[in-house]
Protein chains: 2
Amino acid sequence: MSNSANAIAYTFAEARERVLAQVLLGKPALERVWLSEAVGRVLGEAIRADRDMPPLPRSLRDGFVVHAQSRDGAWDVAGEIKAGQMPMRALAPGEAFAIMTGAIVPDSAAAVIMKEHVTREGSVVRADRAFQSREWISEAASMAQSGAVLAEVGALIDASLVALLATVGQSQVTVAQKPIVRILSTGDEVLDIARQPNPTQVRNSNAWALAAEVQRFGGAAEILPIAPDEEKATRELIAYGLGADLLLISGGVSAGDYDFVEVALAHLGAEFYFDRVKIQPGQPTVFGRAKDTFFFGLPGNPLSTWVTFRIFALAALERLSGRTVPSQQFSFAPAKEPIAHKPGLTRFLPGQRHADGSVSLLPWQGSGDIPALARANVILVLDAERESWAAGDWLEVMTK
Amino acid sequence: MSNSANAIAYTFAEARERVLAQVLLGKPALERVWLSEAVGRVLGEAIRADRDMPPLPRSLRDGFVVHAQSRDGAWDVAGEIKAGQMPMRALAPGEAFAIMTGAIVPDSAAAVIMKEHVTREGSVVRADRAFQSREWISEAASMAQSGAVLAEVGALIDASLVALLATVGQSQVTVAQKPIVRILSTGDEVLDIARQPNPTQVRNSNAWALAAEVQRFGGAAEILPIAPDEEKATRELIAYGLGADLLLISGGVSAGDYDFVEVALAHLGAEFYFDRVKIQPGQPTVFGRAKDTFFFGLPGNPLSTWVTFRIFALAALERLSGRTVPSQQFSFAPAKEPIAHKPGLTRFLPGQRHADGSVSLLPWQGSGDIPALARANVILVLDAERESWAAGDWLEVMTK
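Turning our eyes to something else, we now look at the overall build of chain A. Helix and strand content of chain A: 7 helices and 28 strands. The C-alpha atoms of chain A give 30 Å as radius of gyration, which overshoots the globular expectation for 400 residues (21 Å, by more than 25%). Expressed as lengths along the three principal axes of its C-alpha atoms, the size of chain A is roughly 90 × 50 × 40 Å. Classification of the 400 residues of chain A by burial places 56% in the buried group. Here chain A has roughly 16,100 Å² of accessible surface; of this, 49% comes from carbon and sulfur atoms. Taking the 38 positively charged and 45 negatively charged side chains of chain A as two groups, their mean positions are separated by 3 Å.

What follows is the structure, given as structure tokens:
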């Protein structure tokens, strides 16, 4: 996209910043879903405690709940409290009740003593060691007071939020509607997947891989017909794509390509925020906006398309979906063997995470090598400013 | 489960080994699904290249493809090869063709020279630096030969496998049927989520959280009615649960509980592989088999249930689903602040991963503290044999 507004090549971090600076947190329309359908959705209402959590003091251990006054370090076991029962009465001086984890602590309790730390002789227990006041007691409302916000609008609903919703009695929940992401592959050499390519053609793997990722990360994917290398059809398809919440264009953006995509976008009044990033694969990635819709032009080689979706377009998708906290894609792992690269570009390379947690590079044949990406179980992120890593050095890695 | 066969408390690693030693790779029945439904499923057929990949030599860069013979380091630009085109003819001595990334390399090509590394004057290009034979050429079949296996039975279908399937023209794929996982919560104090609990009762959050995780990791979840603290009903529900591929029982397994679950399992001829693990939360976790079905007794506190599912039951679920490579849950992160614990148990504690990648512990109120788990964005795994970590030390972490 050589003729567009920006001639600057941004670093990975700068380009990511530009995405986050442009794409503000969305205010999606809301819908109500059953709890069983809520996983992976974005919370559209704050979740509040419907009562104090816990509602009454509870024991954190199996053992004995004792009165502050003992008889020379010993207590009479005057009863038992099971989970799900109210204590029969308050403790009297010199008394203990046997108590189970989760059971309600009676009034006048000094502490719970774990059963491993008492000596029991008949109906008398003795503490084997000192204890602190209110030890092993979870006080009423110590996790949350009734009405307190337990999860905010914009949180991703995972298993722990499902547990939270169930705990406060919500069998339905308000969630954000999924943003619609249209996906457009371009190029005369790209065929629908059911067709038989000749040696110069490839099947449209990018649209399907992007749709899989869009769905995984909470968007609703729509695959458009493949755009031919022809101006009018390309413009019409892009114009339709811009009717979505986000448009992903695969191919047509490298400096070597014929510029139907660029011409079409220019016709549609596109503004470009970047069109070149110092990364590999994915250098000619384009990010812009036209007709109030953000679009990404992702380089058409399969590894380039996938990587640039994950490191740039996903951030936009998550913002548009109303998610306040992005997915965690990056972490660290020790290098199994020495690794070197030519500094200047941040590289995202197919890697192997071994059983001991260390990682190494996989051989690959450039950014068209889908089999290598399929073999990888992690992506190594090589810092643009560093030349080499010794075995055992910590590397940044990206989940696959 | 004090009366069962094993009195030994295993370490975390030993207990995991026992799960993997017992639960062999499943041979699930197969079904055929459309590519759009395939993500998250387990491959039930090997995916093979339907032609050489690439079918013909391709250029890895935009630039010029040159004949081995130059005229004093210069070539006449005699044509152009676009992606999707067959070269018009072989290169003749002294000739170059302009070529795009992905385009077919003509016969008699010595190498591709990147456009950044040539000087062009009219119809003549000159190389600015030396190049190697076949540089920037991806040879025919270099990624895979026709018929080669690109992904094996048992692989998880992620976006890269979707790309692979699309590339070889598979709009349908054979996958493993999902294992059926029945989920049984136990205890008189546990109420269905739509009901109003009194202060001694809790809603059935565990079954819903487990169902969410089972579905996320490729199982089909069935939530059973809550088992009361009564022998006959418990036995009937467990017997029904054992008709699934895997049974998860939440609660009823801690030493302090009334032993209806244990009695019922004994009646059903259960064999126990472990019933205590040196972990926190989740110490009284039970793993066994009855009527040829594996079951887990997961301690009923919400954090215990969730953690023990993830560190033990998930391994069984993945094996039963036919997955040959387990999910990657564990990685490493630097401690933000000093962390200490009492050695002896491996601890799985709610944590916070910060923007710089470092992690710290979150305050929590014991294994009933669902709000703390909901606030966490990572789980810190504290080694049973180590007492403390300084700021910057590398900690094991588990994804949430």
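There's more to say after this.
Here we take up the packing of helix H2 (residues 159–167) of chain A against helix H3 (residues 205–216) of chain B. Relative to each other, H2 of chain A and H3 of chain B sit at 155 degrees, their axes nearing to 8 Å. If you check the angle between H2 of chain A and H3 of chain B, you find them roughly antiparallel. With respect to the hand of their crossing, H2 of chain A and H3 of chain B are arranged in right-handed fashion. Of the residues in H3 of chain B, those in contact with Ala159, Val162, Ala163, Ala166 and Thr167 of chain A of H2 of chain A are Ser205, Trp208, Ala209, Ala212 and Glu213 of chain B.

Our focus in this paragraph is the packing of aromatic side chains. Tallied over the entire structure, the rule returns 23 aromatic pairs over all chains. Their ring planes at 75 degrees and their centres at 5.5 Å tell us that Phe332 of chain A and Trp394 of chain B sit as a pair that is edge-to-face. Of this pair, Phe332 of chain A sits in strand S22 (residues 330–334) while Trp394 of chain B sits in strand S28 (residues 394–398), on two different chains. By relative accessible area, Trp394 of chain B is classed as partly exposed at 27%. Through pairs of rings, three or more aromatic residues link up here, namely Phe12, Tyr273, Phe274, Phe287, Phe294, Phe296, Phe312, Phe330 and Phe348 of chain A. The ring of Tyr240 of chain A has Arg182 of chain A sitting right over it, with the charged end atom 4.0 Å from the ring centre. The ring of Trp136 of chain B carries Arg61 of chain B above its face, with NZ or CZ at 4.0 Å from the centroid.

On to helix H4 (residues 231–241) of chain B, then. All names here are of chain B. Listed in full, the buried residues belonging to H4 are Ala233, Thr234, Leu237, Ile238 and Gly241. Buried residues of H4, viewed axially, fall in a sector of 130 degrees; they line one side. Residues of H4 that are buried in the fold lie against strand S13 (180–185), strand S17 (246–250) and helix H5 (260–267). Looking at where H4 begins, the residue whose side-chain oxygen comes 2.9 Å from the main-chain nitrogen of Lys232 is Glu230.

All names here are of chain A. Two elements in contact, helix H3 (residues 205–216) and helix H6 (residues 302–320), have axes whose closest approach is 10 Å; the angle formed by their N-to-C orientations is 30 degrees. One finds that H3 runs roughly parallel with respect to H6. Crossing hand, H3 versus H6: right-handed. Two secondary-structure elements touch here, H3 through Ser205, Asn206, Leu210, Glu213, Val214 and Arg216 and H6 through Pro302, Thr305, Trp306, Phe309, Arg310 and Leu317. For the contact of H3 with H6, the class distribution of residues is 6 nonpolar, 3 polar and 3 charged.

This part covers the sheet that holds strand S5 (residues 74–81) of chain A. All names here are of chain A. Across the sheet, 6 strands lie side by side as S7-S4-S6-S5-S9-S8; this open sheet has mixed pairing. Of all strands in the sheet, those bounded by a partner on one side alone are strand S7 (111–114) and strand S8 (118–121). Taking each pair of neighbouring strands and ignoring which way they run, the sheet shows an average axis angle of 40 degrees. Relative to strand S9 (residues 124–127), S8 runs antiparallel, the two being bridged by 4 bridges.

This part takes up the sheet that holds strand S13 (residues 180–185) of chain A. All names here are of chain A. Spatial strand order, S16-S13-S17-S21-S20-S18: 6 strands in an open sheet with mixed pairing. A strand with exactly one partner marks an edge of an open sheet, and here the two such strands are strand S16 (220–223) and strand S18 (271–274). On average, adjacent strands in this sheet sit at an angle of 25 degrees to one another, irrespective of strand direction. In the sheet, S18 pairs with strand S20 (residues 286–290) via 3 bridges, with the strands oriented antiparallel. Residue pairing in the sheet places Glu271 in a bridge with Arg289 of S20. Each of S18, S20 and strand S21 (293–298) is contacted by helix H1 (residues 12–22), which is oriented at about 140 degrees to S18, the strand it contacts most.

Right, let's talk about the relation of the copies chain B and chain A for a bit. Note on the identical chains: chain B maps onto chain A by a rotation of 180 degrees and an axial translation of 0.0 Å, with an RMSD of 0.0 Å. Look at the turn and shift together and you get a two-fold axis relating the two. For chain B, the minimum C-alpha distance to the rotation axis belongs to Phe332 of chain B and amounts to 3.1 Å. When the interface residues of chain B are mapped onto chain A, 100% of them again fall at the interface, so both copies present the same face.

Bringing H3 of chain A into the picture now. Residue and element names in this part refer to chain A. Its 12 residues give H3 an end-to-end C-alpha distance of 17 Å, which sits within 8% of 16 Å, the value for a rise of 1.5 Å per residue. Here H3 lies mainly inside the structure; 9 of its 12 residues are buried. Near the N-terminus of H3, the side chain that reaches the backbone nitrogen of Ala207, with its oxygen 3.4 Å away, is that of Asn204. Directly after H3, the chain includes Gly218, whose backbone phi takes a positive value near 95 degrees.

Another point: the side chain of Gln280 of chain A. Structurally, the position occupied by Gln280 of chain A is in strand S19 (residues 279–280). Looking at Gln280 of chain A, its side chain comes within polar contact range of the side chain of Arg347 of chain A, at 2.6 Å. With residues up to four places along the chain from it excluded, the contact list for Gln280 of chain A reads Leu345, Thr346, Arg347 and Phe348 of chain A together with Arg61 of chain B.

Listed by partner, the interface residues are 83 residues for chain B and 83 residues for chain A. Between chain B and chain A lies a buried interface of about 6,400 Å² when both sides are counted; carbon and sulfur atoms form 61% of it. Inspection of the chain B/chain A interface yields 4 salt bridges. One salt bridge connects Arg203 of chain B with Asp50 of chain A, and the closest N-O pair in it is separated by 2.9 Å. Taken together, the links from chain B to chain A amount to 24 residue pairs in polar contact (both at pLDDT 80 or more). Counting residues per element, the ones that place at least two in the side of chain B that touches chain A are helix H2 (159–167), strand S15 (202–203), H3, strand S22 (330–334) and helix H7 (370–375) of chain B. At 8 residues, the largest contribution of residues to the side of chain B that touches chain A is made by H2 of chain B. Here the residues of the side of chain B that touches chain A are counted per class, giving 37 nonpolar, 29 polar and 17 charged.

A few words now on the side chain of Glu213 of chain B. In this structure, Glu213 of chain B sits in helix H3. Apart from the residues within four sequence positions on either side, Glu213 of chain B is in contact with Ala159 of chain A together with Trp306, Phe309 and Arg310 of chain B.

Conventions used here
Position numbers for residues count from 1 along each chain, tracking the sequence in the order it is written. Lettering of chains starts at A and numbering of ligands starts at 1, both following the order in which they are written. With the structure being a predicted model, the display of local features is reserved for residues of pLDDT at least 70 and the display and counting of side-chain atom pairs for 80 or more, all residues being used for whole-chain, interface and lining totals. Working from all heavy atoms in the structure, the side-chain values ignore hydrogens and water. Helix and strand definitions follow DSSP, with helices as H or I runs of at least four residues and strands as E runs of at least two, each counted in order from the N terminus. Between the two quantities, the radius of gyration covers C-alpha atoms and the globule rule is 2.2 Å times the number of residues to the power 0.38. The rule is simple: take the accessible area with a 1.4 Å probe, protein chains only, and divide by the maximum for that residue type; under 20% is buried, over 50% is exposed, in between is partly exposed. Residue exposure ignores everything except the shown protein chains as possible cover, and the areas themselves are Shrake-Rupley values with a 1.4 Å probe. For the charge count, each Lys or Arg is scored as positive and each Asp or Glu as negative, with His and the chain ends excluded. Just so you know, the charge point we use is NZ for Lys, CZ for Arg, CG for Asp and CD for Glu. To get an axis, fit a line to the C-alpha atoms, keeping to the stretch in contact for a helix; angles then go from 0 to 180 degrees between the N-to-C directions. Every angle not falling under 35 degrees, over 145, or within 65 to 115 is termed oblique; those three ranges are roughly parallel, roughly antiparallel and roughly perpendicular. Crossing chirality is assigned from the near helix's rotation relative to the far helix, an anticlockwise turn below a right angle marking it left-handed and a clockwise turn marking it right-handed. The contact criterion used throughout is that any non-hydrogen atoms of two residues lie within 4.5 Å. The rule is short: rings of Phe, Tyr and Trp, with Trp giving its six-membered ring, pair when the centres are within 6.5 Å, and they are stacked under 30 degrees, edge-to-face over 60, tilted in between. Here, a charge over a ring is recorded when the distance from Lys NZ or Arg CZ to the ring centre is within 6 Å and its angle to the ring normal is within 35 degrees. When we speak of the arc, we mean the arc of directions from the helix axis to the C-beta atoms. Nitrogen and oxygen atoms within 3.5 Å of one another constitute a polar contact, given that in protein one can donate a hydrogen and the other can accept it, and given that sequence-neighbouring residues count only through two side-chain atoms. Any residue that is not Ala, Val, Leu, Ile, Met, Phe, Trp, Tyr, Cys, Pro, Asp, Glu, Lys or Arg is counted as polar, Gly included; the first ten are nonpolar and the last four charged. What makes two strands pair is DSSP finding at least two bridges between them. Superposing copies: least-squares fit, C-alpha atoms only, residues required to have pLDDT of at least 70 in both. To estimate how far a helix should reach, multiply one less than its number of residues by 1.5 Å. Computed with a 1.4 Å rolling probe, the buried area is the accessible surface lost when two parts are put together, summed over both parts. Salt bridge criterion: a side-chain nitrogen from Lys or Arg within 4 Å of a carboxyl oxygen from Asp or Glu.

No statement about biological role is implied by the geometric values presented.
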